[in-house]
Amino acid sequence: MISLLVKEKLYINEVVLGTGFGVLMGPYVANVFDPRSWGADQNTITLEVMRIVLATGLFAVGVELPCAYMWEHARGLLIMVVPTMAFGWIIVASLLHGLFPMLDMISALCIASCLTPTDPVTCAAITRGKFAAKHVPLEIRSILSAESAANDGLAYPFLSISLYLTLETSTRVAFGKWFLVGWLYQVIFGTVLGAILGLLFSKLMKLSHRKGLIDRESYIAQYLSLAIFTIGVASSLGADDLLAAFAAGSAISWDGHFNVQTEGDAFASVIDYVLNCGCFIYIGAWLPFGSYNSADLGITLWRLFCLLIAILFLRRIPPLLLLYRFVPEISSWKEALFSGHFGPMGVSAVFVSALASNRLPTPATPPADQQQLLAAMIQPIVSFVVLGSIVIRAFRLFLSAESADNLKMDFPFPSST
């Protein structure tokens, strides 16, 4: 009943509202909804909830990008994704290793892989809506959307090398599996698979449209059904389902026909909104507040706060300030600073941490070895950073919007297009 006031005047979106409501309904306040009470299946349920929300979000990003965007902007996107992710991965791992000395460097790299990708769901706060249209240029919005979608799927190789080095006894075997399985099969095959499925469905729907066999409502329904179908096929084959969903969304709208048929319809946005609200309510109730001060694991609140602040300043800003001259979509150091500062962590971080937890042994109390220590520490650390990222970025977005409106100036850009 007050959604317009909250979203368009206070610049508070469903990410903050859903997380806050989830915390209130969760085990530490009302104790109405507690995902962690579901026993051994809790982690698998968390993984699949995050997978569905991410896949639909990534598919939507692919569809909403301009025609053939990934081909025309491949150079800038490649520079923004690969070196920026690699730099952030190493920096976050070094911070983790320094602040939590019980973790060895390989375990720190595993946790860092959860915090490396930019979350496409939280990303919508700055790439869609009133604030984005008024203050952020279209080129920046598009490249940030594409980057957040691409680096979500590319979190797999960063996680897989860390897990292989943790679980395999031979370094040679670990790197061999990482190259053959992590890159060639999961990433490359997953991307090709998603693109092929997207192109096939694009041609099939155009044929059906020409013959009068499909209506507008059926086109709209494909947002959800094709995304779920793509991740189902990719997951069944063991490929990177998130990259497959993004590739399918990009391919199905490659020539613009799908966009024309779905233009102006709010159904897809409603579905996306409902899924996002439910997902962040789940995350709010899932947050393990009781694990944020654990002497046995070396986790303390001051260490977590130091990690959060350091990540916000060091994870993306330095590499983008160094590399923005090679990214045609970013024209100044101010835009590079903004793009570097903007790197929210949310659904994707929870998803990757749940994926890692599923592959690690169940930790004893206290943990018996480094593998169990990693399994015990990964979700408390990741969840705290996710919570801090949601709160801090929502607060900064509100202050930025208020400053721009009150001073009658755009922040931080001269104009948007």
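A quick note: this is a predicted structure, and the numbers were derived from the prediction, not measured.

## Things to note about the overall build of the protein
Then comes step 1: Within the protein, the regular secondary structure consists of 20 helices and zero strands.
Then comes step 2: Here the protein, with 417 residues, has 53% of them falling under the buried criterion.
Then comes step 3: A fraction of 81% describes how many contacts in the protein between residues 6 or more apart in sequence connect residues 24 or more apart.
Then comes step 4: Put simply, the protein shows about 17,700 Å² of open surface, and 68% of that area lies on carbon and sulfur atoms.

## Observations concerning unusual backbone geometry
Then comes step 1: Of note, the bond from threonine 365 into proline 366 is cis; its omega dihedral lies within 30 degrees of zero at 0°.
Then comes step 2: Note on placement: proline 366 falls in the loop between helix 19 (347–359) and helix 20 (370–406).
Then comes step 3: Located in the positive-phi region is alanine 68, a residue other than glycine, with phi close to 55°.
Then comes step 4: Counting through the fold element by element, alanine 68 comes out in the loop between helix 3 (42–64) and helix 4 (69–72).

## Quick look at the packing of aromatic side chains
Then comes step 1: The tally for this structure, following the rule as stated, stands at 12 aromatic pairs.
Then comes step 2: Each ring, one from tyrosine 28 and one from phenylalanine 289, has its centre 5.5 Å from the other, and the planes form 80°; the classification is edge-to-face. With a gap of 261 residues between them, tyrosine 28 in the loop between helix 2 (14–25) and helix 3 and phenylalanine 289 in the loop between helix 15 (267–286) and helix 16 (301–314) connect regions that are remote in the sequence.
Then comes step 3: Under the relative-accessibility criterion, phenylalanine 289 is labelled partly exposed at 29%.
Then comes step 4: The interplanar angle of 55° and the centroid separation of 5.7 Å between the aromatic rings of phenylalanine 33 and tryptophan 38 together place this pair among those described as tilted.
Then comes step 5: According to the relative accessible area criterion, phenylalanine 33 is partly exposed, its value standing at 24%.

## Regarding the confidence of the model for the protein
Then comes step 1: With 88% of its residues at a pLDDT of 70 or more, the protein shows a mean pLDDT of 85.
Then comes step 2: The low-confidence segment residues 402–411 (pLDDT under 50) makes 14 contacts with residues lying over four places distant or belonging to another chain.

## Some thoughts on the nonpolar core
Then comes step 1: In terms of nonpolar packing, the biggest core is built from 94 residues, with Leu96, Phe100, Leu307 and Ile381 touching the most fellow members.
Then comes step 2: Residue contributions to this core peak at 13 residues, all from helix 20.
Then comes step 3: Counting 12 residues, the second-largest nonpolar core is a separate cluster that includes Phe59, Ala60, Met205 and Ile214.

## Quick notes on the pattern of salt bridges
Then comes step 1: Across all of its chains, the model carries five salt bridges by this definition.
Then comes step 2: A salt bridge links glutamate 48 to arginine 51; the shortest N-O distance between them is 2.9 Å. Of this pair, glutamate 48 and arginine 51 both sit in helix 3, separated by three residues, roughly a single helical turn.
Then comes step 3: When the shortest N-O distance is used, the salt bridge between aspartate 241 and arginine 51 registers 2.2 Å. Residue aspartate 241 is found in helix 13 (residues 241–252), and its partner arginine 51 is found in helix 3; the two are separated by 190 residues along the sequence.
Then comes step 4: Here the residues in one salt-bridge network are Glu48, Arg51 and Asp241, joined through shared partners.

## Let's talk about helix 2
Then comes step 1: The end-to-end C-alpha distance of helix 2, which contains 12 residues, comes to 16 Å, matching closely the 16 Å that a straight helix rising 1.5 Å per residue would cover.
Then comes step 2: Within the sequence span of helix 2, burial applies to Glu14, Val15, Gly18, Thr19 and Gly22. Along the axis of helix 2, the buried positions cluster into a sector of 125°, meaning they face one direction only.

## Looking at the environment of asparagine 31
Then comes step 1: As for its placement among the helices and strands, asparagine 31 is situated in the loop between helix 2 and helix 3.
Then comes step 2: Apart from the residues lying within four places of it in its own chain, the contact partners of asparagine 31 are Met25 and Gly26.

## Digging into the environment of phenylalanine 189
Then comes step 1: With respect to the secondary-structure elements, phenylalanine 189 resides in helix 11 (residues 171–210).
Then comes step 2: On the basis of relative accessible area, phenylalanine 189 is assigned to the partly exposed category, the value being 29%.
Then comes step 3: Along the chain, phenylalanine 189 and alanine 239 lie 50 residues apart, while their C-alpha atoms are 6.6 Å from each other.
Then comes step 4: Look past the residues within four positions of phenylalanine 189 in its chain and what remains in contact with it is Leu184, Leu237 and Ala239.

## Some points on the packing of helix 5 (residues 74–99) against helix 9 (residues 138–153)
Then comes step 1: Two numbers describe how helix 5 lies on helix 9: the axes approach to 10 Å, and their chain directions differ by 50°. Compared by their axis directions, helix 5 and helix 9 come out oblique. Relative to helix 9, helix 5 is oriented so that their crossing is right-handed. Facing helix 5, whose interface residues are Gly76, Leu77, Met80, Val81 and Met85, helix 9 presents Ile143, Leu144, Ala146, Glu147, Ala150 and Asn151.
Then comes step 2: Counted by class, the contact of helix 5 with helix 9 contains eight nonpolar, two polar and one charged residues.

## Let's talk about the state of the cysteines
Then comes step 1: For the coordinates displayed, the defined rule picks out zero disulfides.
Then comes step 2: This cysteine, cysteine 110, is not joined by any disulfide, and cysteine 114 carries the nearest cysteine sulfur, 5.8 Å off.
Then comes step 3: By relative accessible area, cysteine 110 is classed as buried at 0%.

What counts and what doesn't
- Residues numbered from 1 in each chain as written.
- Predicted model: local features only at pLDDT ≥ 70, side-chain atom pairs only at ≥ 80, totals over all residues.
- Heavy atoms only, no water.
- Helix = DSSP H or I, 4+ residues; strand = E, 2+ residues; numbered from the N terminus.
- Buried < 20%, exposed > 50% of the residue type's maximum accessible area, 1.4 Å probe, protein only.
- Contact = heavy atoms within 4.5 Å.
- Areas by Shrake-Rupley, 256 points an atom, 1.4 Å probe, with all protein chains shown as cover.
- Phe/Tyr/Trp six-rings, centres within 6.5 Å; stacked < 30°, edge-to-face > 60°.
- pLDDT = per-residue confidence, 0-100.
- Core = buried A, V, L, I, M, F, W, Y, C linked by side-chain atoms within 4.5 Å.
- Salt bridge = Lys/Arg side-chain N within 4 Å of Asp/Glu carboxyl O.
- Expected span 1.5 Å × (residues − 1).
- Arc of directions from axis to C-beta.
- Axes fitted to C-alpha atoms, helices over the stretch in contact; angles between N-to-C directions.
- Parallel < 35°, antiparallel > 145°, perpendicular 65-115°, else oblique.
- Left-handed = near helix turned anticlockwise from the far one by under 90°.
- Nonpolar A, V, L, I, M, F, W, Y, C, P; charged D, E, K, R; others polar.
- Disulfide = S-S within 2.5 Å.

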